[in-house]
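Now for the letters of each chain:
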Amino acid sequence: MTARRQRMAWIAILVLGVALAAVLGSAAFRENLMYFHTPSDIAAGVIPQGASFRLGGLVTENSVERDPDSLRVAFRLADCEHEVPVVYDGILPDLFREGQGIVTTGSIDGEGRFVAEQVLAKHDENYMPPDLAEALDDGTGHSCEPFKAVRAASAS
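These lines cover the structure that appears in this document, whether it is placed above or below. (Residues numbered from 1 in each chain as written. Predicted model: local features only at pLDDT ≥ 70, side-chain atom pairs only at ≥ 80, totals over all residues. Heavy atoms only, no water.)

### What to know about the overall build of the protein chain
Here is step 1: The number of helices and strands found in the protein chain is four helices and seven strands.
Here is step 2: Starting at the N terminus and ending at the C terminus, the protein chain contains elements arranged as α-β-α-β-β-β-β-β-β-α-α.
Here is step 3: Counting every position in the protein chain, which comprises 156 residues, the buried fraction comes to 32%.
Here is step 4: Expressed as a percentage of contacts within the protein chain between residues at least 6 apart in sequence, the contacts between residues at least 24 apart total 52%. (Helix = DSSP H or I, 4+ residues; strand = E, 2+ residues; numbered from the N terminus. Buried < 20%, exposed > 50% of the residue type's maximum accessible area, 1.4 Å probe, protein only. Contact = heavy atoms within 4.5 Å.)

Here you go:
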């Protein structure tokens, strides 16, 4: 084998190695990508059971139920049209309360409940994830009826 053919073979191996690394990196990135959804997306059935994703909405009034013997908390998360039961086993953020906009990370179990692994509450009065604010907008620039008072109170 001549020196030129040897160099070409090494270049081909290098190119194949870089291409393989790019394919594997892209596959790993797609696997770990976390999508944001609303309760309406869950009601529409666009999310497969067991898939991990972020769910955002407002904690429904009078829906928080705490287990006195553990850190388990059950509550309902809603957007303008639908509600989803959520179960979380852990310490909730200090800013968590009914009527609060939150984002949770987890998956749907076999009973249709969202099992949260993490709960994030907004960090100040002016923050709401853009996707969540858009989902709670009724098209007139105001949030849907059930949440107008909550959004007005949190904006002041």
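### Brief notes about the nonpolar core
Burial of nonpolar side chains together is a common tendency in soluble globular proteins.
Here is step 1: If you look at the biggest cluster of nonpolar residues, it comprises 18 residues, and the most contacted ones within it are Leu-55, Phe-75 and Phe-114.
Here is step 2: Discounting residues that sit within four places of it in the chain, Phe-114 has contacts with Phe-53, Leu-55, Val-84, Pro-85, Val-86, Val-87, Thr-104, Thr-105, Gly-106, Ser-107 and Ile-108. (Core = buried A, V, L, I, M, F, W, Y, C linked by side-chain atoms within 4.5 Å.)

### Topic: the pairing of strand E5 (residues 83-89)
Here is step 1: Where strand E4 (residues 72-78) lies against E5, seven bridges are found, and the strand directions are antiparallel. Along E5, the bridge assignment pairs Arg-72 with Asp-89.
Here is step 2: If you look at the hairpin formed by E4 and E5, you'll find four residues sitting between the two strands.
Here is step 3: One ladder, built from three bridges, connects E5 with strand E7 (residues 114-121); its direction is parallel. The residue bridging Tyr-88 from the neighbouring strand is Ala-116, located in E7. (Pairing = 2+ DSSP bridges.)

### Some words on the pattern of salt bridges
Here is step 1: Taken as a whole and judged by the stated rule, the model has three salt bridges.
Here is step 2: In this structure, Glu-83 and Arg-76 form a salt bridge, with 2.7 Å as the shortest nitrogen-oxygen distance.
Here is step 3: Taking relative accessible area as the criterion, Glu-83 reaches 39% and is therefore assigned partly exposed.
Here is step 4: Residue Arg-76 is classed as partly exposed on the basis of its relative accessible area, which comes to 31%.
Here is step 5: If you follow the salt bridges from partner to partner, you end up with Asp-109, Glu-111 and Arg-113 in one network. (Salt bridge = Lys/Arg side-chain N within 4 Å of Asp/Glu carboxyl O.)

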